[in-house]
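Residue-level structure breakdown
Residues per chain, in single letters:
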Amino acid sequence: CGGSPIYRYVDNENTERVTASTGAGDVSQSGYASLGPYVDYQTSNPTVEPGASLSYTLGSDSLRRSFVKLQSGEYQGLSAYFSRSKIDGDLWRGPGTIDREHLEAKVRYRFGDRDEVWLRAVHNAFYDYDSPYVSIAQYDGSANDPFGRSGRYFAYLGSLPDLPETVPGVRYSNTNYNQFYKQAVNQRRDTLYSLGGQFEIRPDLLNYTTLYYEAKKGFGVSPEAYATSLALHNAEGNVDGLFAPRGVQYGLSSLSGHRFGGRTGLQWEVGQHQIDTGVWAETDVFNRQQARYNLTDGSPAGEPLFNEPVHLQGDFSSTRDSLQYHLKDTWTLLDDRLRLQYGFKSLHLKYRIEGYRNAGDYINNRQPRIATQWNDAFLPQAGLVYNLTDDTQVFASYSENMALPRGADDIFRAASPSAPPPEAERAKNYEVGYRINRPSFNAAWALYRTDFDNRLQAFASPVPGSSQVETYYQNVGKVQAYGSELSGQWKLPYLADKVVLNGNLTYNTSTFQNDAGGLSIKHNEVPDSPRWLAQAG
């Protein structure tokens, strides 16, 4: 998905199944971002019979969601569906709205028992307002907030306040004017086309192929206080075409780009073996522009003046080229009681960034072109599943993975053009467990360990003149995680299997193995990695 959340590409109603691959078997999955599990989403096919479905949901905070789906039915192997969902609502925390529209269409043509082609198109568009970052002090009310905000519902201001000038003659020079909600928005549009199919070359040999293209475009806006804008404007004094700040700034960050690629492979049945081999290639181009513009009268309620840039922060493009080969064998033994799965993938990544990456590039009148690559020709994975009985199994897996450094654009934007590139993140994953599957009850218990190398971790620093924080990534060396997970579900038989109870309990320890970033963090736990996690439904 190119790093995008899955809801941009499929609605729940059009999802046939979701498969999580924690170890063995994921060498055939396309991707360069995961160091551990892969999650594979399969969309549903059009139905054989024509039909239509409609749903409408109402909820708190003025939530409204509609969904409609039309099915053509199948005629001489040809079938199709079209669906649309629409979400509208208010933010649960503070002023602002959420607006999302999602369109999906799929056409399928079957011309044999195992031969088919399909064409799919998805369009997702949203526009919503932000809620501010809240510190602990703001949450508990000890931050002396000038507007008296605190607690869970700490939010941007719904109306423009009347505040005293902090710079004589500049009406909106007070830093607290950046708390007006209309200057904190996000907009994004994504359109994805894919064409694929599977083809029976002969009874024991199957080909699968997919081609895809995605266009993306959007922007985000955040306010910037007068004092911050003035300081940055003065720092860029030698850059032509800039205007002095009038007050609060319209902080625009726009993006565009496209992503295209394809994958093809063969599945070959040879006795008790299923051999899977294939190749995946992708190019992902990302363009980004960042600048701060005056608003009419300098007011946070004013219209942006795009002909009055105050300071420039970036105008660059980055490109990621990916190439992956894989080979996997699934071997069934002992009258189908034992299944061994082993293979490897070869991953080759190229990265390039060029243009004005930051204010320093504008000041120094440079547009560097920085390129690097990461390669690993052999990333092995192996696993087994053994059926103890008809409904109980033991399983184990081992895998090695490499990933393109997270936040690559942020890393290369902040670094000197002559700085060495970061190493690719790597992981070794171990897992062993026990599973039981019965008609009304299933459960799994697993023990796992993951060793990370060249780990990148998010650091955060406050943005001057704002309550927001800016995230950047820095290498922290080795990280080790280990733990245990118990999960399962139970269909209550005395309620005709209409009620299902499910739950999950995880114990996890994830610790830094090195000091990094000038901090003594060795043996500290990794942030956002809870020791205990429980879920029930």
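As a reminder, the structure under discussion sits directly above these lines.
Attention in this report is confined to the structure presented alongside it. (Residues numbered from 1 in each chain as written. Predicted model: local features only at pLDDT ≥ 70, side-chain atom pairs only at ≥ 80, totals over all residues. Heavy atoms only, no water.)

1. A word on the packing of aromatic side chains
Using the criterion set out here, one finds 14 aromatic pairs in the structure. Judged by centre distance (5.3 Å) and plane angle (45 degrees), the ring pair of tyrosine 129 and tyrosine 181 falls under tilted. Here tyrosine 129, found in strand E7 (residues 116-129), pairs with tyrosine 181, found in the loop between helix H1 (136-140) and strand E8 (185-202); they are 52 residues apart in sequence, far enough to count as distant. A residue is classified by how much of its surface remains accessible, and tyrosine 129, at 17% relative accessible area, is buried. Taken together, Tyr127, Tyr129, Phe180 and Tyr181 form an aromatic cluster joined through their ring pairs. Between the NZ or CZ atom of arginine 171 and the centre of the ring of tyrosine 172, over which it lies, the distance is 4.8 Å. (Phe/Tyr/Trp six-rings, centres within 6.5 Å; stacked < 30°, edge-to-face > 60°. Helix = DSSP H or I, 4+ residues; strand = E, 2+ residues; numbered from the N terminus. Buried < 20%, exposed > 50% of the residue type's maximum accessible area, 1.4 Å probe, protein only. Lys NZ or Arg CZ within 6 Å of the ring centre and 35° of its normal.)

2. Focus on the pairing of strand E20 (residues 532-536)
Across the five residues that make up E20, only a small minority, zero, are buried. Where strand E19 (residues 500-512) and E20 come together, five bridges link them in antiparallel fashion. By the bridge assignment for E20, leucine 505 is matched with alanine 534. (Pairing = 2+ DSSP bridges.)

3. Some remarks on the pattern of salt bridges
As a working rule, side chains carrying opposite charge can pair if their charged atoms are close by. Under the criterion given, the structure shown has 33 salt bridges. For the salt bridge of aspartate 361 with arginine 366, the shortest nitrogen-to-oxygen distance reads 2.4 Å. (Salt bridge = Lys/Arg side-chain N within 4 Å of Asp/Glu carboxyl O.)

4. A word on empty space enclosed by the protein
Per the counting criterion, the structure on display carries one cavity of 30 Å³ or more. Taken as a whole, the largest cavity encloses approximately 50 Å³ of empty space. Ser28, Ser30, Tyr208, Arg263, Thr264, Gly278, Val279, Trp280, Gln324, Tyr325 and His326 are the residues that line the largest cavity. Going through the elements one at a time, strand E10 (249-270), strand E11 (273-295) and strand E12 (304-333) are the ones with two or more residues in the lining of the largest cavity. (1 Å grid on protein atoms, 1.4 Å probe; cavity = no way out; pocket = protein on both sides within 12 Å on 5 of 7 lines; lining within 4 Å. Points joined across faces, edges and corners; volume = space filled by probe spheres on them.)

5. As for the pairing of strand E6 (residues 97-110)
The pairing of strand E5 (residues 78-90) with E6 spans 13 bridges and is antiparallel. Bridge pairing links aspartate 88 to aspartate 99 in E6. Where E6 folds back onto E7 in an antiparallel hairpin, the turn is made up of five residues.

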